[in-house]
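# Notes for the structure review
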Amino acid sequence: MTSGSSTDPQRIGFLFNHDELHQVAHTAPIISALQRQAPRARVEVITSSDRQADAVRQFLDPALPTPAFWSIRPNRWSRLAEKMLGQVVPLNRLSSLKRSTELFRHFDALVVPETTTTFLKKSGKMARPKLIFFPHGAGDRSIGFSPEIRKFDFVLLPGKKTRDRMLDAGVIRPDNHRIVGYPKFDAFAARPPVRLFDNDKPVVLYNPHFDPLLSSWFRFGEQILDYFAGQTDYNLIFAPHVMLFQRKLLASVEHRMLRFRQQVDRRFAALDHIHIDTGSSRSVDMTYTNAADIYLGDVSSQIYEFIQKPRPAIFINSHGAEWQGNANYEHWNFGPVLDDVSGLGAALDTVSPLSESYSEAQARAFAYSFDVDDQHPPAQRAAAAIADFMDIPQ
């Protein structure tokens, strides 16, 4: 626990400091919940772009007072340097943090969905604000359990799987975390499914990651689009991780690899049975995971959002991973794994209906990954955990 002042209300900031919007839905739903849970606290929002600010506002309860919004920006030199370096190093995010240090000192805590913010702790001289982390996803990649997490004062978690792996990795302690569920699910639960095609053929979602080593896009992406272009049995949604097409040069800090971005041939966009989205808001609001009948991908954590309702899935092992028994590839137990795309047609023909063994594997993994409490929504649980940790008077 940390004690607040008996006279001044504690200031809790929700910080969004990223190039894209895929992290917003993981913590923005907690803002209004915390306003209700701790009305004596000052709940505020800090963003590094107008797009982020607009995205956050969509999650706010209009019946509550609008929280104060603060804007942080990188300096022009960091913007130029990041552009010259192909956006490999997140200089803009680091610059925004460094330039806003004095602002942050006025907050008692910052709630964040990414680890770049631990930059504030690296000097060892900044005891305030406390840093509270909620990971943006519940996937299996080892980067989700990185040593940077040790620098957070408190960690909110979607379920037991993430807790167990973080404890095993030594990046959280038994006394500095709480399982609260997955606010993103509730945030989009009321949205009706979107019909993207004018036929009733099965819809496949191809959702490659951006990691230069792990992504199937670099080796097999065009072949996969070619396959779907030349057949008439399936519709295809091509909606990769939003970062895949946002940078000219893609970097993997985890695997120390660089690759240049590959464009999508325009001929695919002209086909009625292929829907291409390389980074709109629909790529991050579960529109496509809800609309698809079959998932096709590699290592994206979106597979865990897809299996909220068990459905067929196919995975592409484009980098020769020895994945069996490896926790970083646990999701590859949800469906067949292909080492190349020559067997894609046969896999699509046989993967539906979903077999009992894959259905059971998905259901077990979902229950282990997400703690569901029908009586207490995740955002409400997260707000209560923050209020308890910060010892905010009720």
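Residues numbered from 1 in each chain as written. Predicted model: local features only at pLDDT ≥ 70, side-chain atom pairs only at ≥ 80, totals over all residues. Heavy atoms only, no water.

### Focus on the sheet that holds strand β8 (residues 203-207)
- The strand order β12-β9-β8-β13-β14-β15 describes an open sheet built from six strands, whose pairing is parallel. Of all strands in the sheet, those bounded by a partner on one side alone are β12 (274-276) and β15 (337-338).
- As judged from the four bridges shared by β8 and strand β9 (residues 235-238), these two strands associate in the parallel manner. Within β9, the residue paired with tyrosine 206 across the bridge is phenylalanine 238. (Pairing = 2+ DSSP bridges. Helix = DSSP H or I, 4+ residues; strand = E, 2+ residues; numbered from the N terminus.)

### Let's talk about the side chain of asparagine 17
- Here asparagine 17 is to be found in the loop between β1 (11-16) and α1 (24-27).
- Only 3.3 Å separates the side chain of asparagine 17 from the side chain of serine 48, close enough to count as a polar contact.
- Excluding anything up to four places from it in sequence, asparagine 17 contacts Ser48, Gln52, Ile72, Arg93, Ser96 and Leu97. (Polar contact = N/O pair within 3.5 Å; in protein donor to acceptor, adjacent residues only side chain to side chain. Contact = heavy atoms within 4.5 Å.)

### Some words on the environment of isoleucine 143
- Counting through the fold element by element, isoleucine 143 comes out in the loop between β5 (130-133) and β6 (154-157).
- The class for isoleucine 143 is partly exposed, based on a relative accessible area of 37%.
- Each C-alpha atom of the pair isoleucine 143 and asparagine 328 lies 9.2 Å from the other, and the pair is 185 residues apart in sequence. (Buried < 20%, exposed > 50% of the residue type's maximum accessible area, 1.4 Å probe, protein only.)

### Side note on the pattern of salt bridges
- Counted by the stated rule, this structure contains 21 salt bridges.
- Between aspartate 54 and arginine 57 there is a salt bridge; the shortest N-O distance is 3.4 Å. On the criterion of helical spacing, the pair formed by aspartate 54 and arginine 57 is a turn pair, its members being three residues apart in helix α3 (residues 50-57).
- Linked through salt bridges whose partners overlap, the residues forming this network are Glu222, Asp226, Asp265 and Arg267. (Salt bridge = Lys/Arg side-chain N within 4 Å of Asp/Glu carboxyl O.)

### As for the sheet that holds β6
- The strand order β3-β2-β1-β4-β5-β6-β7 describes an open sheet built from seven strands, whose pairing is parallel. Each edge of the open sheet is held by one strand with a lone partner, namely β3 (68-71) and β7 (177-179). Geometrically, the sheet is characterised by an average inter-axis angle of 20° between neighbouring strands, direction not taken into account.
- Where β5 lies against β6, two bridges are found, and the strand directions are parallel. Paired with isoleucine 132 across the strands is phenylalanine 154, a residue of β6.
- In the packing of α3 onto the sheet, contacts are made with β1, β2 (42-47) and β3, and the angle to β2 comes to roughly 140°. (Axes fitted to C-alpha atoms, helices over the stretch in contact; angles between N-to-C directions.)

### Remarks on the confidence of the model for the protein
- Taken as a whole, the protein shows an average pLDDT of 91; of its residues, 91% reach a score of 70 or greater.
- pLDDT under 50 marks residues 1-5. Its contacts with residues more than four places away, or in other chains, come to ten contacts.
- Low confidence marks residues 84-88, where pLDDT is under 50. Its contacts with residues over four positions away, or in another chain, come to twelve contacts. (pLDDT = per-residue confidence, 0-100.)

### Notes on the nonpolar core
- Membership of the largest hydrophobic core comes to 67 residues, with the highest contact counts inside it found for Ile12, Phe14, Ile31, Ile132, Leu156, Ile303 and Ile386.
- Ranked by residue count, the leading element in this core is helix α15 (residues 378-390), at eight residues.
- With sequence-adjacent residues up to four places away left out, leucine 156 is seen in contact with Ile132, Phe133, Phe134, Pro135, Arg178, Val180, Ala382, Ala385 and Ile386.
- By size, the runner-up hydrophobic cluster in this structure holds 31 residues, among which are Leu244, Val264, Val284 and Ile316. (Core = buried A, V, L, I, M, F, W, Y, C linked by side-chain atoms within 4.5 Å.)

### Points about the packing of helix α2 (residues 29-37) against α15
- At a closest axis distance of 8 Å, the pairing of α2 and α15 adopts a crossing angle of 55°. What the angle tells us is that α2 and α15 run oblique. α2 and α15 meet at a crossing whose hand is right-handed. Across the interface between the two elements, Pro29, Ile30, Ala33, Leu34 and Gln37 from α2 touch Ala379, Gln380, Ala382, Ala383, Ala384, Ile386 and Ala387 from α15.
- Residues that form the contact of α2 with α15 fall into these classes: ten nonpolar, two polar and no charged. (Parallel < 35°, antiparallel > 145°, perpendicular 65-115°, else oblique. Left-handed = near helix turned anticlockwise from the far one by under 90°. Nonpolar A, V, L, I, M, F, W, Y, C, P; charged D, E, K, R; others polar.)

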